[in-house]
Amino acid sequence: WVDLPVLVHDVVARLSAAIATHHLRVDLRGEVPPVWADPGRVEQVLTNLLTNAAKYSAPGTDVLIALGRQDGDVVVSVSDQGRGIPPQDLAYIFQPYYRVRTAGAAPEGLGLGLYISNGLVEALGGRIWVESELSVGTTFHFTLPTAPRPARRPRPPQAAPTAWNSSRSKPTER
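Some points on the overall build of the chain
And step 1. The secondary structure content of the chain amounts to four helices and seven strands.
And step 2. Overall, the chain shows an N-to-C arrangement of helices and strands of α-β-α-β-β-α-α-β-β-β-β.
And step 3. Taken across its 174 residues, the chain has 39% of its residues classed as buried.
And step 4. Of the contacts formed within the chain by residues at least 6 apart in sequence, a portion of 65% connects residues at least 24 apart.

Focus on the sheet that holds strand β2 (residues 62-70)
Note: strands within a sheet are paired through backbone hydrogen bonds, in either parallel or antiparallel orientation.
And step 1. Across the sheet, five strands lie side by side as β1-β2-β3-β5-β4; this open sheet has mixed pairing. Each edge of the sheet is formed by a strand with only one pairing partner; in this case those strands are β1 (23-29) and β4 (128-133). Mean inter-strand twist for the sheet, computed between neighbouring axes without regard to direction, equals 15°.
And step 2. Looking at chain direction, strand β3 (residues 73-80) and strand β5 (residues 137-145) are connected through seven bridges and run antiparallel. When the bridges of β5 are listed, V78 appears paired with F140.

Concerning the nonpolar core
And step 1. Counting residues in each nonpolar core, the largest one holds 36 residues, and the members touching the most others are L4, V42, L50, V76 and F142.
And step 2. Of all the secondary structure elements, the ones that give two or more residues to this core are α1 (4-14), α2 (39-55), β2, β3, α4 (113-123), β4 and β5.
And step 3. It is α2 that provides the largest number of residues to this core, a total of seven residues.
And step 4. Those residues in contact with L50, other than ones at most four positions away along the chain, are V11, V12, L15, I19, L24, V63, I65 and V78.

Comments concerning the side chain of T47
And step 1. Within the secondary structure layout, T47 lies in helix α2.
And step 2. In this structure T47 comes out as buried when scored by relative accessible area, which is 17%.
And step 3. When residues no more than four places from it in sequence are discounted, the contact partners of T47 are V11, R14 and L15.

A word on the packing of α1 against α2
And step 1. Contact pair α1 / α2: the axes reach a minimum separation of 10 Å and the direction vectors enclose 50°. With respect to their mutual orientation, α1 and α2 come out oblique. Between α1 and α2 lies a crossing of right-handed hand. Two secondary-structure elements touch here, α1 through L4, L7, V8, V11, V12 and R14 and α2 through P39, V42, E43, L46, T47 and L50.

Focus: unusual backbone geometry
And step 1. The backbone of Y97 sits at a positive phi, close to 65°, despite the residue not being glycine.
And step 2. Among the secondary structure elements, Y97 is positioned in the loop between α3 (87-90) and α4.

As for α1
And step 1. For α1, the complete set of buried residues consists of L4, P5, L7, V8, V11 and V12. All buried residues of α1 fall inside an arc of 160° around its axis, so they share one side.
And step 2. Each element contacted by the buried residues of α1 is listed here: β1, α2, β2, β3 and β5.

Examining the packing of aromatic side chains
And step 1. Enumeration over the complete set of coordinates arrives at three aromatic pairs.
And step 2. Ring geometry for F94 and F140: centres 6.1 Å apart, planes at 85°, overall edge-to-face. With a gap of 46 residues between them, F94 in the loop between α3 and α4 and F140 in strand β5 connect regions that are remote in the sequence.
And step 3. The exposure class assigned to F94 is buried, which follows from its relative accessible area of 14%.
And step 4. Using a relative accessible area of 9% as the deciding quantity, one classes F140 as buried.

Thresholds, definitions, all that
- Residues numbered from 1 in each chain as written.
- Predicted model: local features only at pLDDT ≥ 70, side-chain atom pairs only at ≥ 80, totals over all residues.
- Heavy atoms only, no water.
- Helix = DSSP H or I, 4+ residues; strand = E, 2+ residues; numbered from the N terminus.
- Buried < 20%, exposed > 50% of the residue type's maximum accessible area, 1.4 Å probe, protein only.
- Contact = heavy atoms within 4.5 Å.
- Pairing = 2+ DSSP bridges.
- Axes fitted to C-alpha atoms, helices over the stretch in contact; angles between N-to-C directions.
- Core = buried A, V, L, I, M, F, W, Y, C linked by side-chain atoms within 4.5 Å.
- Parallel < 35°, antiparallel > 145°, perpendicular 65-115°, else oblique.
- Left-handed = near helix turned anticlockwise from the far one by under 90°.
- Arc of directions from axis to C-beta.
- Phe/Tyr/Trp six-rings, centres within 6.5 Å; stacked < 30°, edge-to-face > 60°.

Following this line, the structure appears as structure tokens:
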């Protein structure tokens, strides 16, 4: 179980030096239930999105992390007030080694961070997407399923399954 508001505050504290030139706000939109996820993987996704927001927006601008519920999931959004992503690049942004090219500037990074974040979010049972407007900013959203409440005690482990071995006439233990 992961308490996302606590994890977000921990990540923000850890990244404070890297994002110190930006005004960071955390917005809890209602009650945020715990999610069933690997906290290390969620931290990796948050770290990538926050450092990208700081890297691709001007110093002194806002970076917003919003947490809320939607259709049985928790939605995490990271918004910046940066240069935005050109519409023609949006379809490719989660592809490996893809980097947005901007006039007069060399692409930054290896182009793996969003690809890895996409894989991690999907492995955790969520989805990730982006909305962007040139000269206004970009928002990355990802969902994580809410942690189910335990309804009953777990069942005891079952005996190891057996399999038939074609060279023998009786089952063998696996």
